Amino acid sequence: MGNPLLTFWYRLFGPGPKAGQRPGSAGARPPVEVLAPRGAPREQATAAVFLVLRRMRPPLIVLVVIFAVSVLGLMLIPGQGPDGQPRQMGMLHAFYVMAYTATTIGFGEIPYPYTEAQRLWLTLAIFLTVVGWAYAIGTLLALVQDREFRRAVALQRFARKVARLREPFWLIAGQGETGRRLGDALDARRRPFVVVDPSEARIAELDTRSYHADVPGLVGDPANPGHLIAAGLEHRHCAGVLALTEDDRTNLAVTVAVGLLRPDLPIVARTLSRQIAEQMESFGSAAVINPFDLFGDRLRLALQAPAGYQLIEWLTGIPGDPMPPRGVPVGPGRWVVCGYGRFGQELTADLRRGGLEVTVVDRGATTSADPSVLRTDEPEDEVMVLADARGAVGLIAATDDDVANLALIAAGRRANPGLFLVARQNAPANEPLYRALSPDLVVVPPEVVAHQVLAYLGSPVLLRLLRDVADRDEAWAEKMVDRLAHRCGTGELVTWQLALAAADAPTLLPWLRTGQARLGDLLRSPHDRELPIAAVPLVLVRDGDELIAPDDDVILAEGDELLLGGQPGARQDLDNVLLDEATREYVLHGHEVPSGWLWRTLAAQRAARTADGVSAGGRGPGPG
C-alpha cells in the first residue's frame, strides 16, 4: 500500500531542515538567503570570454582590414556595363561580392562581367582572405588547445552546474581514496555533492563512475578560498564541507575558510596531527577526525568487545556493505607492533593506555627517541624472533609499505599460529592480497575516516549512540546485533531520524494524542500489518532524555524523536505511513481505506446507496 508519487512530491518540495540543525537530521533546513559567489570566482567564470577576445583580436583585425581594403578596391576600380559604358560598383555590391568570395561560395561575376582590372584585384583579395582565414583559424585552434583557456572553460561550465543545484549538497575538498568512498556513499544515499581537487585525473574520474547524477568537479586548490566559493561554499543549498585531502595544512586552510566565510555550515576535517586538530577546532564547531587515533580506540573495542565493534561498524557502514563479521575476544597478553611511524605510535599509546604490554620493532633508524623501540634491518622471520612473537597474543603490521606488512603478517603466522593479526592496508589496489592472506583485522585508514564521516552526516543522536555502545557490555551489544539481524537481515543497514512533531508528521498528531500510540504499531508493514517493517528503533529522544533500544510497547508522544536503523526500503514504508492516509489507516488501525480519488468517489456513492436502502426499509407502515 502507499502512494509513491505523493512521497516523491513531499521529498522534493516538503519542509527541509530548520535553522541551526545538522543537515541530514530531522527538521534540518539550509539557509534561506541566496549567497551569490563574489570576487575572484565571478571573474574567473567569465575569463573564457575575455581570453577569446584577447587572443582572437589580432586575427579579427587582420580579417576586417583585408575585407575593408578589398571592398574599397572594388568600389574604386571602374567596371563596364552591358552597353559598354564604364560603371562604378556601389558599396552594397562590393560588400556582397566580397562576402560570397571570402566565404568561398562564389556566385559568379555580379551584377555584370568584370573587367581585367576587377578580376586582377579580386584575385588578390581572394589570396589575402585565404591568408587571413588561415591566420584566424590557426589562432583559434591554438586557443582551444591552450591550457589556460581549457581551464577557464571548465571553470565556467563548473560554475553553471553548481548554480543549477536546487537541493542540499555537500562540498568535498579532496577526491583521494577517502573522498572517493564518501562520494560513493553519498551517491548511494541520493545526496548530491561537489568536488574540488588539484588532480585532473581524479576530477576526470568523476565522469567515469556510475553515479546517479552528474557530479560537478573542479580542478583547483581546496586551500584557495576563491575555488571553494566557486564550488558553492556560499550557495544557499550548501549543506556542509568535508575537508578530506591528504595534506593536513590544506585541510586546515579549508576549515579556516569555512569558519570565516560560512560559520553556520558544519565541517568535517581529516588530520593526522594533534596540533592541527586543535587549530581546526578553534574555528567554529569543526568535527576533526584522526584516523590513526580513531582506529586505536576501535582496535581496543574490537579486542575486548567484538560485538560492540561489529555494531558500530554496521551502523556506520558504507552503503552496499553487509553486516561485518564478528571477531573473538583476545585475551590479555603482550602485543608486538611492527613499524613506529605516526600510525604505530598512536596504536602503541592506545594499547598501553589500555594496560597492555607492547613490544615495538622498527626497521632502520626510527624517528622516535623512545628507548624501548627495537631497531633492526633483519628479515621478517628474524624480526619475529627478536620481538619474541611466540610469547605474544597479537601482532600489528603498521608500516606504510603494504609488501612489508604482508610479509610481517606471514612471518608472524609462521612464528605463532595463535597470534591475532592486524595489518594496515595503504593502497586500495592491494586489497586482493590482504584478502588472500586473511589477517584477523585489516586497517584501511580511508575506510575508517569514511565510516566516521558518515556518522557525522547522520545525526547527533547517532553519534551519542555510538559512544554509548562503546560503554555497554558485550551481552547488550550481542542482543542488539541479533535484533537488527532478525528484523533487517544481514545486508546493508541505513539509519535515519524521525521527528514526531507538527512540522514533520502532522497527520500522526491525533493518534499520538490518544495516549495509546504504541511504537510497534507505527512500525507495522504497510503490505501486511501483522508483520513489522525491516527497521529497529535505536534511540527514542523525549524532552532531552534518550532511551536506548526502546521496546515496541513504548507509548509515543507528540514531540518525540526516533533514530531508526533498517533496510533502505523500510524508510520508504515509513514515509508512506506518514504521507498517505490509506496506508496510515491500515497500519495504525487496520482499516481498509480507498487510496485514490476514483475509488474514494465510488466508495462514497456505495455508502450513500446503502444508507438510503436502510433508511427506506425502516420507513415501512406499521401494523394496523
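Residues numbered from 1 in each chain as written. Predicted model: local features only at pLDDT ≥ 70, side-chain atom pairs only at ≥ 80, totals over all residues. Heavy atoms only, no water.

Draft legend 1. Spatial organisation of the sheet that holds strand β13 (residues 420-424). Read from one edge to the other, the open sheet built from six strands follows the order β11-β10-β9-β12-β13-β14, with strand pairing classed as parallel. Whereas interior strands pair on both sides, the edge strands pair on one side only; in this sheet they are β11 (374-376) and β14 (441-443). Put simply, the sheet's adjacent strands are angled 20 degrees from each other on average, direction ignored. Bridge count for β13 against β14 is three bridges, and the pairing is parallel. (Pairing = 2+ DSSP bridges. Helix = DSSP H or I, 4+ residues; strand = E, 2+ residues; numbered from the N terminus. Axes fitted to C-alpha atoms, helices over the stretch in contact; angles between N-to-C directions.)

Draft legend 2. Broad picture of the pairing of strand β15 (residues 494-499). Along β15, six of the six residues are buried, which leaves the element largely enclosed by surrounding structure. Burial along β15 is two-sided: Val494, Trp496 and Leu498 facing one way and Thr495, Gln497 and Ala499 facing the other are all buried. Where β15 and strand β18 (residues 561-566) come together, six bridges link them in antiparallel fashion. Within β18, the residue paired with Thr495 across the bridge is Gly565. (Buried < 20%, exposed > 50% of the residue type's maximum accessible area, 1.4 Å probe, protein only.)

Draft legend 3. The arrangement of the packing of aromatic side chains in detail. For the structure shown, the criterion picks out six aromatic pairs. With centroids separated by 5.3 Å and ring planes inclined at 65 degrees, the aromatic side chains of Phe67 and Phe95 adopt a geometry described as edge-to-face. Here Phe95 lies in helix α4 (residues 91-102) and Phe67 lies in helix α3 (residues 47-76), a separation of 28 residues in the sequence. The class for Phe67 is partly exposed, based on a relative accessible area of 21%. Overall, Phe95 belongs to the partly exposed group, its relative accessible area being 46%. When the centroid spacing of 6.1 Å and the interplanar angle of 65 degrees are considered together, the rings of Trp335 and Phe420 count as edge-to-face. Separated by 85 residues along the polypeptide, Trp335 in strand β9 (residues 334-338) and Phe420 in strand β13 bring together distant segments of the chain. Three or more aromatic residues joined by ring pairs make a cluster, and in this case those are Phe292, Phe295 and Phe343. (Phe/Tyr/Trp six-rings, centres within 6.5 Å; stacked < 30°, edge-to-face > 60°.)

Draft legend 4. Looking closely at the confidence of the model for the chain. The share of residues in the chain with pLDDT of 70 or more is 86%, and the mean pLDDT across the chain is 82. Per-element mean pLDDT across the chain ranges from 47 in helix α1 (residues 4-13) up to 94 in strand β3 (residues 169-173). Here residues 15-41 scores under 50 on pLDDT; set against residues more than four positions off or in separate chains, the count is 64 contacts. Across residues 619-624, where pLDDT falls below 50, the model places zero contacts with residues more than four positions away in sequence or in other chains. (pLDDT = per-residue confidence, 0-100. Contact = heavy atoms within 4.5 Å.)

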